[in-house]
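A closer look at the structure
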Amino acid sequence: MKIGFDCASHTEVAEILSLSVSPNDIIYANPCKAPSHIRYASTKNVKKMTFDNITELYKIKAHFPDAECILRFKAHDPTPSKNPSEGALYELSKKYGVTIDYSREILLQAKKLGLNVIGLAFHVGSGQRNVRTYTRHIEEARRIWEIAREVGYTFTVLDMGGGFMYNNFEEAASAVNTALDNEFGDMIEQGGIDIVAEPGRYVSAPAFTLVTSVIAMREEREETGEKRMVYIADGLYSNINAAFWPGELTYPTVVKGKRTYTAKSTLPTSSASSDSGIEVEEEDNGSMDQEGGISTLMRGDLQEYSIWGPTCDCMDIVIEDALLPKGIEVGDWFVFKDLGGKILISLFLYFDSKVIGGMLTITGQ
Ligand SMILES: Cc1ncc(COP(=O)(O)O)c(C=O)c1O
């Protein structure tokens, strides 16, 4: 096994090259690149790059005719909108990829332009909860592989992108291995294929924890219809843009003085109102001599709150209906774990800036 790098922009390529990585170990895996970024890749001899449209082929022909092109095909995500607990958290296929039906035509165009297409890429969607999706797309890759052979290309690279999650990684890896054996076993045996995976969130999600404080509160008032609202020091426009995507944000641990409250399972919302269904671990983090210190809060000990970011924008809502321990106050702390998947990555690393050094971000008073 070998380690390489998937870069999505000029800045990322420059960052990785500055670490003395060989250009051969980089895939510029963004199918829609700015022409100047393709020229930059050309000057640095970063040859492997993905494409999924004819305009991109013309750009590559103009700016880097020796590039080693990789065709990105479209994944078929079971859409989260149909079932919020299935499929991918992020449907990248909305933005990228050619259909199988179109693959022959685009490969013929590449051939006409005299471009070197060396393989295939796909991405099953980030945070993919259905591991069968890998199987399906490895099967499809094999079909396009044959189409490429008919067009006159002998592929050598299969890049299966990312999507891997912590909680189903073993299952996903097993599905991938079985499908690869079934579909590409002959080539793997002969050493005629480079299989690439680009795990992103699997590596980066646990690297970031956000600790943010409660800065303001609004109590519920029946007479005016006002709801109980908590305002925290961080929000959608800073570190918690995970709130944009259903299923991405995990329930925050609440730290109140010496006590810590951590939801046991998924994000408890006020709509899950069964008395026995919601459990929160309450831990006394102040007294070392107390044994265990964990108790369970039930529905009656919890209150409904909406959680808001600090900006004056009404879009800046973090959780619409959360069940939190009763008596949240200004000065309490919320701890959001595993924010390094798309969240901080999208904000800080992608395109425009350098890698940030810290693993723990603290915002608050
Ligand atoms: C081409 C490509 N590869 C890999 C990744 C990483 O995906 P994930 O974080 O789901 O593993 C992404 C994420 O956007 C991507 O666009």
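Everything here concerns the structure above.
In this report, we go over the structure that sits alongside the text. (Residues numbered from 1 in each chain as written. Predicted model: local features only at pLDDT ≥ 70, side-chain atom pairs only at ≥ 80, totals over all residues. Heavy atoms only, no water.)

Before going further, it helps to examine the overall build of the chain. Within the chain, the secondary structure is distributed over eight helices and 19 strands. Here the chain holds 365 residues, and the buried ones make up 48% of them. Here the contacts in the chain between residues at least 6 apart in sequence split such that 65% fall between residues at least 24 apart. On the chain, roughly 18000 Å² of surface is accessible, and the fraction owed to carbon and sulfur atoms is 52%. (Helix = DSSP H or I, 4+ residues; strand = E, 2+ residues; numbered from the N terminus. Buried < 20%, exposed > 50% of the residue type's maximum accessible area, 1.4 Å probe, protein only. Contact = heavy atoms within 4.5 Å. Areas by Shrake-Rupley, 256 points an atom, 1.4 Å probe, with all protein chains shown as cover.)

The next point concerns a nonpolar patch on the surface. Residues Met1, Ile3 and Phe5 make up a contiguous nonpolar surface patch of about 430 Å² in total accessible area. Structurally, the position occupied by Met1 is in the segment before β1 (5-7). (Patch = residues over 30% accessible without salt bridge, like charges linked within 9 Å, V, L, I, M, F, W, Y side chains within 5 Å. Salt bridge = Lys/Arg side-chain N within 4 Å of Asp/Glu carboxyl O.)

Here we take up the packing of helix α4 (residues 100-112) against helix α5 (residues 132-151). Packing of α4 against α5 brings their axes to within 10 Å, and their N-to-C directions diverge by 35°. Between α4 and α5 lies a crossing whose hand is right-handed. Seen from α4, the contacting residues are Ile100, Ser103, Arg104, Leu107, Leu108 and Lys111; seen from α5, they are Glu140, Arg143, Ile144, Ile147, Ala148, Glu150 and Val151. Of the residues assigned to the contact of α4 with α5, the class counts are seven nonpolar, one polar and five charged. (Axes fitted to C-alpha atoms, helices over the stretch in contact; angles between N-to-C directions. Left-handed = near helix turned anticlockwise from the far one by under 90°. Nonpolar A, V, L, I, M, F, W, Y, C, P; charged D, E, K, R; others polar.)

In regular strands, side chains alternate between the two faces of the sheet. Of the two faces of strand β12 (residues 253-256), the one lined by Thr253 and Val255 and the one lined by Val254 and Lys256 are each fully buried. In the sheet, β12 pairs with strand β18 (residues 333-336) via three bridges, with the strands oriented antiparallel. The partner of Val255 across the bridge, within β18, is Trp333. Pairing between β12 and strand β13 (residues 259-263): three bridges, direction antiparallel. Bridge pairing in β13 links Val254 to Tyr261. (Pairing = 2+ DSSP bridges.)

With that settled, the discussion passes to the nonpolar core. Formed by 54 residues in total, the largest nonpolar core has its most connected members in Leu120, Leu158 and Phe184. The element that contributes the greatest number of residues to this core is α5, accounting for eight residues. Residues within four places of Leu120 in sequence aside, it is in contact with Ile70, Leu71, Phe73, Ala141, Ile144, Trp145, Phe155, Val157, Leu158 and Asp159. Counting residues in hydrophobic clusters, the runner-up holds 26 residues, among them Val214, Ile240, Val254 and Ile328. (Core = buried A, V, L, I, M, F, W, Y, C linked by side-chain atoms within 4.5 Å.)

Right, let's talk about the pattern of salt bridges for a bit. This structure, assessed with the given rule, holds twelve salt bridges. Here Glu91 ties to Lys94 by a salt bridge, and the two come within 3.8 Å at their closest N and O atoms. We classify Glu91 as buried; its relative accessible area is 18%. Residue Glu146 pairs with Arg142 through a salt bridge whose shortest N-O separation is 3.0 Å. One end of the pair, Glu146, and the other, Arg142, are both in helix α5, four residues apart, so they sit about a helical turn from each other. Relative accessible area serves as the criterion here: at 17%, Arg142 is assigned to the buried category. Through salt bridges that share partners, Arg142, Glu146, Arg149 and Asp186 make up one connected network.

In terms of burial, strand β17 (residues 317-325) is largely enclosed, as seven of its nine residues are buried. Of the pairings in the sheet, the one linking strand β16 (residues 302-308) to β17 comprises six bridges and is antiparallel in character. Residue pairing across strands places Ile307 opposite Ile319, the latter belonging to β17.

A few words on the side chain of His123. Secondary-structure assignment places His123 in the loop between β6 (116-121) and β7 (126-128). Polar side-chain contacts of His123 include one of 3.0 Å to the backbone nitrogen of Gly125. Polar contacts involving the side chain of His123 include one to the main-chain amide nitrogen of Gly162, which spans 3.3 Å. Not counting residues within four places of it along the chain, the set of residues in contact with His123 comprises Arg72, Ala75, Leu92, Met160, Gly161, Gly162 and Gly163. (Polar contact = N/O pair within 3.5 Å; in protein donor to acceptor, adjacent residues only side chain to side chain.)

Turning next to the site of the ligand. Taken together, 14 residues surround the ligand, and among them Ser126, Gly163, Glu198, Gly200 and Arg201 come closest. Residue His123 places a side-chain N or O atom 2.9 Å away from an oxygen atom belonging to the ligand. One of the side-chain N or O atoms of Ser126 is found 2.5 Å from an oxygen atom in the ligand. Grouping the amino acids of the shell around the ligand by side-chain chemistry returns three nonpolar, six polar and five charged. (Near = heavy atom within 4 Å.)

Look at helix α3 (residues 54-63) against α4: their axes get within 10 Å of each other, and the N-to-C directions meet at 20°. Comparing the axis directions of α3 and α4 gives the class roughly parallel. Read as a crossing pair, α3 and α4 show a hand that is right-handed. On the side of α3, the interface is formed by Ile54, Leu57 and Tyr58, while α4 contributes Tyr102, Ile106, Gln109 and Ala110. (Parallel < 35°, antiparallel > 145°, perpendicular 65-115°, else oblique.)

Scope: geometric values only; no functional claims are made or implied.
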